[in-house]
Amino acid sequence: MFHLTDTPTFEAEVRFESQAAQGGQRVVHAFTGVFNRLDEDASEALAKEIRTQKLTDRQVAARLLCGWGADVCDAQGRPLPFNADNLAAVLRRRGVATAVVDAWHQAQPRAALGN
């Protein structure tokens, strides 16, 4: 069944790696991102804006991400509230903005092969 109405947001896992403090190992981080759901027109408009204004992944991620789960925490392990300052701090972490954009893209419906 198909319903024309849809939720304005959706959740998807955001995954990225960083270098561990010791041991030369990589650490995989993951959190639940809450994303704005864009229809075809809004998605095409954003793609055009990305091309014409040469938006960075950080700028695009800030537009797509509208919340996160309780799995984004401060240094003491307390859930970090979603607000403009915390969003900017999270997106400054190397690799996060690209991971947010990738998670949004991966969550989008795929066209049928061969069409």
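Everything below is about the structure shown above.
Bear in mind the structure is a predicted one, so any value in this text is a computation, not a measurement. (Residues numbered from 1 in each chain as written. Predicted model: local features only at pLDDT ≥ 70, side-chain atom pairs only at ≥ 80, totals over all residues. Heavy atoms only, no water.)

**Student:** Please explain the layout of surface pockets as it appears in this structure.
**Tutor:** Empty space left among the atoms is revealed by rolling a probe the size of a water molecule over them. For the second largest pocket, the calculated volume is near 260 Å³. In terms of lining residues, the second largest pocket is bounded by Phe16, His29, Ala30, Phe31, Asp71, Val72, Cys73, Ala89, Val90, Arg93 and Val96. Here the lining of the second largest pocket takes three residues from strand 2 (residues 26-36), the largest share from any one element. (1 Å grid on protein atoms, 1.4 Å probe; cavity = no way out; pocket = protein on both sides within 12 Å on 5 of 7 lines; lining within 4 Å. Points joined across faces, edges and corners; volume = space filled by probe spheres on them. Helix = DSSP H or I, 4+ residues; strand = E, 2+ residues; numbered from the N terminus.)

**Student:** Sorry if this is basic, but what is going on with the packing of helix 2 (residues 57-64) against helix 4 (residues 96-107) here?
**Tutor:** Helix-helix packing is characterised by the crossing angle of the two axes and by the distance between the axes. In contact at an axis separation of 8 Å, helix 2 and helix 4 are set at 55° when each is read in the N-to-C sense. As far as their axial angle goes, helix 4 and helix 2 are oblique. For the pair helix 2 and helix 4, the crossing hand works out as left-handed. In this structure, helix 2 uses Asp57, Arg58, Val60, Ala61 and Leu64 to contact helix 4, whose residues at the interface are Ala97, Thr98, Val100, Val101 and Trp104. Taken together, the residues of the contact of helix 2 with helix 4 break down into seven nonpolar, one polar and two charged. (Axes fitted to C-alpha atoms, helices over the stretch in contact; angles between N-to-C directions. Parallel < 35°, antiparallel > 145°, perpendicular 65-115°, else oblique. Left-handed = near helix turned anticlockwise from the far one by under 90°. Contact = heavy atoms within 4.5 Å. Nonpolar A, V, L, I, M, F, W, Y, C, P; charged D, E, K, R; others polar.)

**Student:** What is the right way to read a negative patch on the surface from this model?
**Tutor:** Side chains of Asp39, Glu40, Asp41 and Glu44 sit close together on the surface and give a patch of like negative charge. The residue glutamate 44 is located in helix 1 (residues 40-53) in this model. (Patch = residues over 30% accessible without salt bridge, like charges linked within 9 Å, V, L, I, M, F, W, Y side chains within 5 Å. Areas by Shrake-Rupley, 256 points an atom, 1.4 Å probe, with all protein chains shown as cover. Salt bridge = Lys/Arg side-chain N within 4 Å of Asp/Glu carboxyl O. Lys, Arg positive; Asp, Glu negative; His and termini not counted. Charge placed at Lys NZ, Arg CZ, Asp CG, Glu CD.)

**Student:** In this structure, what is going on with the side chain of serine 18? I would like to understand it.
**Tutor:** For serine 18, the position within the fold is in strand 1 (residues 9-19). Judged by its relative accessible area of 12%, serine 18 falls in the buried class. Separated by 2.7 Å, the side chains of serine 18 and histidine 29 make a polar contact. Reaching out from serine 18, the side chain makes a polar contact with the side chain of arginine 93 at a distance of 3.4 Å. (Buried < 20%, exposed > 50% of the residue type's maximum accessible area, 1.4 Å probe, protein only. Polar contact = N/O pair within 3.5 Å; in protein donor to acceptor, adjacent residues only side chain to side chain.)

**Student:** Explain the environment of methionine 1 to me, please; I cannot follow it from the model alone.
**Tutor:** Residue placement: methionine 1 occurs in the segment before strand 1. Taking the C-alpha atoms as reference points, methionine 1 and histidine 105, 104 residues apart in sequence, are found 24 Å from one another.

**Student:** Quick question: what am I supposed to make of the sheet that holds strand 3 (residues 65-68) here?
**Tutor:** Backbone-to-backbone hydrogen bonds pair the strands of a sheet. The strands run either parallel or antiparallel. Spatially, three strands are ordered 1-2-3 in an open sheet, and the strand pairing comes out antiparallel. One side of each edge strand has no neighbouring strand; the edge strands of this open sheet are strand 1 and strand 3. Averaged over all adjacent pairs, the angle separating strand axes in this sheet is 40°, with direction ignored. Pairing between strand 1 and strand 2: 11 bridges, direction antiparallel. Each residue of the ladder has a partner; that of serine 18, found in strand 2, is valine 27. Of the strands in this sheet, strand 2 and strand 3 touch helix 2, which is tilted by about 70° from strand 3. Lying over the sheet, helix 4 contacts strand 1, strand 2 and strand 3, oriented at roughly 140° with respect to strand 1. (Pairing = 2+ DSSP bridges.)

As far as function goes, none of this settles anything; it's purely spatial.
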